[in-house]
Amino acid sequence: MTLSIWRYSHLILAFASSIFLLLASVTGVILSIEPISNKLQPYRISNAEGLSLAETISAIDAQYEEVLSISQDKNGFVSATVIIDNQNESFYVNPETGEKLGDIIEKAPIYQFSTNLHRSLFLKTPGRLFIGLTSFLLFLIAISGIVLIAKRQGGITKFFSKIVRENYAQYNHVVYSRFVLIPIVIIAISGVYLSLLRFQIIEENQITHEIDFDNLQEDPTIDYTQFELFKNTPLSELREFEFPFSEFVEDYYLVRLKNKELLINQYTGDVISEKQYPFVTIISEWATVLHTGEGSILWSIVLGIGSMAIPFLMITGFIIFFKRPKTKIKNPYSKDKANFVILVGSESGTTLQYAEVLHNYLLSINEKSYLAVLDQYTTYKNMKHLVVMTATYGQGEAPSNAKKFKNLIHKHQQKAHFLYSVVGFGSTSYPNFCQFAYETNELLETLPQAKASFNEIFTVNDQSFESFNRWASLWGEKTNLELRLKKPTLYNTKKHTSSFVVLDKTEKASMVDSTFLLTLKNTNGAIADSGDLLSIVPSTEERERLYSIGKMERNVYTISVKRHDKGVCSTYLQGLEIGTNLTASIIENKDFHFPAKSKQTILIATGTGIGPFLGMIKNNVAKKGIHLYWGGRTEESFKLYKPIISSALENGSLTSFKPAYSRTQIEKTYVQNLIKKDAVYIAESLRKKGCVMICGSITMQKEVLKELQEICAKYLNKDLSFYQNRNQIKMDCY
Amino acid sequence: MKKSVNTFCLVSVFTLQILIGYSFVNYQPTVSYKCMIQMTNYTGEKAYVVVSLIDPDNNYVKTLYVQGDDEEWFPDLKDWWIFSNGSNEDIDGIAGATIGNGERNIISLGLDASQIDSGYKLRFESAVENQEYYPIDAEVPLNSETIKNKVEGKGYIRFIRMVPSK
């Protein structure tokens, strides 16, 4: 499995730095509050920026015995250091009047503690080194993260386009990181800079003034309030101001402004020396402000949010990692010896798992199988069968390990003839379903040596092992192999095998369209909800069949089954007498549970797909709005469900019921036609956070989704995926 | 009854004694000097500098000023820390911010007049994170004739200048 270098480094770096990063980000959140609370102190005097230096200095000078220095911080608070009763004292002053406003803000112990932990983990210099490295790693993580998002979204220009939702951790990891990555990069870079400064890798040189002491003048003596510089410099420019140390002419006024430092002759007001701050000093100042948020409430908030996001991204990141199946390809036969070549295009590894099942099975029956990823495509001397199993990435593009395939297929021409079959993996709930699989199929069609095993391409929706198995058995027939594939263990959702007893069954005579209802009572307390799946294995030889459950009462579940003439399971179920025992297991299907929160739900089903809805309607004790659209063949077909639906309409647990009959002579209607008719209503329902649930055949699902897509575009100005991401569209189709 | 009156008298006398004693111990400085600490262009973190009053027998009398705001590093100034920490001195009111290389700091030092011209001196000791500690970076004798002379430092301090306050 070739993980992209970006993903790999993103992860390695995250692991290595996780503990330090966690400490630094948590303390970072705390420290982001400090500049905000400081800034909110009332020591800033409005309109004081307009004062000149001369006015400010003389106002303060007049108030105190002796003033040593005056300074202004990033918050615009002016403070003075003065001698009072032979003691040094520093406090905030009003720059207009010189009056004391308050004591210098002392760093609260919590901030002192956090700062120490944040900077050095209480480990002095080694700690600072760790933190500096962590900061650098954070920078790399953020950069690799940006690259990953850009790749996932299909280009940097699509950075903020909608995200395909796979699960909570994946979706939110991407959603939140898109917004906080920029602040995080800034935090990281400035952090690295400050560390480099600290370890003198970047050197900050002090300004040195050269003073010609021999030529200092004492005449003409003028009052400092009349000095040109003091008169013309606004207070807003000031950083620090020091009075001359003594009355010797060698002692001067020291003035630090935003961008330069000046020495002023204390008698004549001449500029003795003037030096601009070096570039490094200015950069350092920016780095400090950007890293600490000092002086800006808004930026402090941004920094706080950025820091808060880091632990969240760490947790979701690790969840994504641990959820991703880990596989290693083992090939006992070399590529040129193998008769079966399985090529995989997979972004997350799920497709690869299924490929491994096939590969290992072939090996177990002594077939020479070779498994590789699409990007490793080359010549295979003994290849008789080629199987391509591929997912589709983002907006219908090749997965990351199949990007080069398009070029390679022409570069490496196979010498012998071979049969091929393409299996596409994806989710019908997204546009461009299995698009890359279709493209691959088209590419293979152009090869003269290649011949398709089937006329059609097979698709596997939502990792359904059942449909993969269906392909496998058909492909097995073509290759004269009997394939018995076992579901990979990782995907075996927890199953509780339990015992059921048949409570009720539609008699053969009253069956319409070969459909019947089977009501089972659980005898040992397995808990299921409508929408969960009942897994039945009719005999040890057979694979499992899944039926969507409608929970009618406590421990009583109904399934709607259509009997197929050759269907082993449906025939078996039809043959069950009332009172017979049955062993089956319940598979939780949380994604298809009735939405507890939405006030209004639209249920769409065809045929036996109504099964889970029967339970949902029955249990609608709260009498929330439920609208059921159902498609059947004829009015006769409805007979089976009529008693339940009618009583539900009467007692108000079902608001409306609209059937569509496709085989009626007069007017053929399909559910999608009904949806189109009620477009405005459905749009309104979606807007009000209502939920749409679809159960039935894939064909119906496609048509209904097409309608819904149009409704979203026309009435809601949004893409359907917007509602899918918010779990307002739930589907269980087969 | 008699007994309680006695006790009362005794308590008053004690209190008075303590008050008088306290006012003597806690004398106000009567001479004040402005002091400039000019740092050299060394490389490294900001320096911690402590100014202490030293008696004619070379013993610490008290701490006049601490340039450094993070107690974490105080023990680095070994000799002073033994004295100051050992005698539980309260240094909260006399601590100021550290300054870096090439910078200068102007402070005010309060002294008792009796300490001038009687063999006392000011000791400046300094330390920088993970660098050398100078137990005596500079020493200024409290001699009214020479006090205005510039005193060169041996460590991070380039020179010390003192002038009487206004």
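Because the structure is predicted, anything quoted here is derived from the model rather than measured.

Conventions used here
- Residues numbered from 1 in each chain as written.
- Chains lettered and ligands numbered in written order.
- Predicted model: local features only at pLDDT ≥ 70, side-chain atom pairs only at ≥ 80, totals over all residues.
- Heavy atoms only, no water.
- Helix = DSSP H or I, 4+ residues; strand = E, 2+ residues; numbered from the N terminus.
- Buried < 20%, exposed > 50% of the residue type's maximum accessible area, 1.4 Å probe, protein only.
- Contact = heavy atoms within 4.5 Å.
- Areas by Shrake-Rupley, 256 points an atom, 1.4 Å probe, with all protein chains shown as cover.
- Buried area = accessible area lost by both parts, 1.4 Å probe.
- Salt bridge = Lys/Arg side-chain N within 4 Å of Asp/Glu carboxyl O.
- Polar contact = N/O pair within 3.5 Å; in protein donor to acceptor, adjacent residues only side chain to side chain.
- Nonpolar A, V, L, I, M, F, W, Y, C, P; charged D, E, K, R; others polar.
- Pairing = 2+ DSSP bridges.
- Axes fitted to C-alpha atoms, helices over the stretch in contact; angles between N-to-C directions.
- Parallel < 35°, antiparallel > 145°, perpendicular 65-115°, else oblique.
- Left-handed = near helix turned anticlockwise from the far one by under 90°.
- Patch = residues over 30% accessible without salt bridge, like charges linked within 9 Å, V, L, I, M, F, W, Y side chains within 5 Å.
- Lys, Arg positive; Asp, Glu negative; His and termini not counted.
- Charge placed at Lys NZ, Arg CZ, Asp CG, Glu CD.
- Phe/Tyr/Trp six-rings, centres within 6.5 Å; stacked < 30°, edge-to-face > 60°.
- Lys NZ or Arg CZ within 6 Å of the ring centre and 35° of its normal.
- pLDDT = per-residue confidence, 0-100.
- Expected span 1.5 Å × (residues − 1).

All right, on to the overall build of chain B then. Per the secondary structure count, chain B includes two helices and nine strands. Counting from the amino terminus, helix and strand elements in chain B follow one another as α-β-β-β-α-β-β-β-β-β-β. Taking all 166 residues of chain B together, 46% fall into the buried category. Considering only intrachain contacts with a sequence separation of at least 6, the fraction spanning at least 24 residues in chain B is 65%. When the accessible surface of chain B is split by element, carbon and sulfur atoms take 55% of a total near 8900 Å².

The next thing to look at is the interface of chain A and chain B. Taken together, the contacts link 23 residues of chain A with 29 residues of chain B. Summed over both sides, the interface between chain A and chain B buries roughly 2400 Å², with carbon and sulfur atoms accounting for 43% of that surface. Sorting the residues of chain A by area buried against chain B places Asn 86, Lys 124 and Phe 245 of chain A first, and these three jointly supply 29% of that buried surface. Here chain A and chain B share six salt bridges between them. Measuring nitrogen to oxygen at the nearest pair gives 2.5 Å for the salt bridge that ties Arg 161 of chain B to Asp 251 of chain A. Inspection of the region where chain A meets chain B yields nine residue pairs in polar contact (both at pLDDT 80 or more). Secondary-structure elements contributing two or more residues to the side of chain A that touches chain B are β1 (66-72), β3 (87-93), α5 (124-153) and β6 (252-257) of chain A. Residue composition of the side of chain A that touches chain B, grouped by class: eight nonpolar, nine polar and six charged.

Bringing the sheet that holds strand β8 (residues 151-152) of chain B into the picture now. Ordered in space as β5-β1-β9-β8 (chain B), the four strands form an open sheet in which the pairing is antiparallel. Two strands close off the open sheet at either side, each with one partner strand: β5 (104-111) and β8 of chain B.

The next subject is the sheet that holds β1 of chain A. Picture the strands of a sheet paired through backbone hydrogen bonds; they go either parallel or antiparallel. Residues and elements named next belong to chain A. The eight strands are arranged β4-β3-β2-β1-β5-β6-β7-β8 in an open sheet whose pairing can be described as antiparallel. At either end of the open sheet lies a strand with only one pairing partner, and these are β4 (100-103) and β8 (271-276). Each adjacent strand pair in this sheet contributes to an overall mean axis angle of 25 degrees, direction not counted. Strand direction decides the pairing type here: strand β7 (residues 260-265) and β8, joined by five bridges, are antiparallel. Each residue of the ladder has a partner; that of Leu 263, found in β8, is Ser 273.

Here we come to the packing of helix α6 (residues 168-198) of chain A against helix α8 (residues 279-292) of chain A. Residues and elements named next belong to chain A. Across the interface, α6 lies against α8 with an axial gap of 9 Å and an inter-helix angle of 130 degrees. Taken together, the axes of α6 and α8 are oblique relative to one another. When you trace α6 past α8, the crossing you get is left-handed. Contacts between α6 and α8 involve Ile 186, Ile 187, Ser 190, Gly 191, Tyr 193, Leu 194 and Leu 197 from the first element and Val 280, Ile 283, Ser 284, Ala 287, Thr 288, Leu 290 and His 291 from the second. Residue composition of the contact of α6 with α8, by class: nine nonpolar, five polar and no charged.

It is worth spelling out unusual backbone geometry at this point. The linkage connecting Asp 219 of chain A with the following residue, Pro 220 of chain A, adopts the cis geometry, with an omega of -5 degrees. Mapped onto the fold, Pro 220 of chain A is located in the loop between α6 and α7 (228-232). Backbone geometry at Asp 513 of chain A places phi at a positive 50 degrees, although glycine is not the residue there. Mapped onto the elements of the fold, Asp 513 of chain A is located in the loop between β15 (496-505) and β16 (515-522). Positive phi values are uncommon outside glycine, yet Asn 58 of chain B reaches one of about 70 degrees. Note on placement: Asn 58 of chain B falls in the loop between β2 (47-54) and β3 (60-67). Look at Asn 58 of chain B and you get partly exposed, because its relative accessible area is 43%.

Glancing now at the environment of Val 289 of chain A. Residue and element names in this part refer to chain A. Here Val 289 lies in helix α8. Looking at Val 289, the relative accessible area reads 19%, which means it is buried. Ignoring sequence-local partners within four residues, the contact set of Val 289 consists of Lys 74, Glu 294 and Trp 299.

All names here are of chain A. Counting buried residues along strand β25 (residues 691-696), six of its six residues qualify, which places the element largely inside the surrounding structure. The side-chain alternation of β25 yields two buried faces, one formed by Cys 691, Met 693 and Cys 695 and the other by Val 692, Ile 694 and Gly 696. As defined by bridge partners, strand β22 (residues 600-606) adjoins β25 across five bridges and the pair is classed as parallel. Residue pairing for β25: Ile 604 is matched across the bridge by Ile 694. In the sheet, β25 pairs with strand β26 (residues 729-733) via five bridges, with the strands oriented parallel. Looking across to β26, one finds that Val 692 is bridged to Ile 729.

The next thing to look at is a negative patch on the surface. Side chains of Glu 106 of chain A together with Glu 71, Asp 90 and Asp 92 of chain B sit close together on the surface and give a patch of like negative charge. Tracing the sequence through the fold places Asp 90 of chain B in the loop between α2 (78-86) and β4 (95-96). For Asp 90 of chain B, a relative accessible area of 62% corresponds to the exposed category.

This model, assessed by the stated rule, comprises 43 aromatic pairs over all chains. Relative to Phe 160 of chain A, the ring of Phe 159 of chain A lies with its centre 5.1 Å away and its plane at 75 degrees, an arrangement referred to as edge-to-face. Overall, Phe 160 of chain A belongs to the exposed group, its relative accessible area being 51%. On the numbers, 5.6 Å between centres and 40 degrees between planes, the contact of Phe 241 of chain A with Tyr 253 of chain A is tilted. Placement of the pair is Phe 241 of chain A in strand β5 (residues 238-242) and Tyr 253 of chain A in strand β6, with a sequence separation of twelve residues. The aromatic ring of Phe 199 of chain A is capped on one face by Arg 198 of chain A, whose charged end is 5.2 Å from the ring centroid. Directly above the aromatic system of Tyr 60 of chain B lies the positively charged group of Arg 123 of chain B, at a separation of 5.4 Å from the ring centroid.

Another aspect to go through is the confidence of the model for chain B. Residues and elements named next belong to chain B. On average, residues of chain B carry a pLDDT of 83, and 82% of them reach 70 or more. Every residue in residues 1-5 is under pLDDT 50, and counting partners more than four places away or in other chains gives zero contacts. Note on residues 18-26: pLDDT under 50 across the span, and zero contacts to partners over four residues away in sequence or across chains.

Below, the discussion takes up helix α9 (residues 297-323) of chain A. Think of an α-helix as 3.6 residues a turn; residues three or four steps apart then line up on the same face. For α9 of chain A, spanning 27 residues, the distance from its first C-alpha to its last is 39 Å, which sits close to the expected 39 Å at 1.5 Å a residue. One side-chain oxygen at the N-terminal end of α9 of chain A lies 3.0 Å from the backbone nitrogen of Trp 299 of chain A; it belongs to Ser 296 of chain A.

This part is about helix α13 (residues 465-479) of chain A. Residues and elements named next belong to chain A. Compared with an ideal rise of 1.5 Å per residue, which puts 15 residues at 21 Å, α13 spans 20 Å between its outermost C-alpha atoms and is within 8% of the ideal. All of the buried residues in α13 are Phe 465, Ser 467, Phe 468, Asn 469, Trp 471, Ala 472, Trp 475, Gly 476 and Thr 479. Each element contacted by the buried residues of α13 is listed here: β9 (340-345), α10 (350-364), β11 (385-391), β12 (418-426) and β14 (458-461). Positive phi shows up at Asn 480, right after α13, with a value of about 60 degrees.

Below, the discussion takes up the side chain of Ser 18 of chain A. Structurally, Ser 18 of chain A is set in helix α1 (residues 5-31). Setting aside chain neighbours within four positions, we find Ser 18 of chain A in contact with Met 314 and Phe 318 of chain A.

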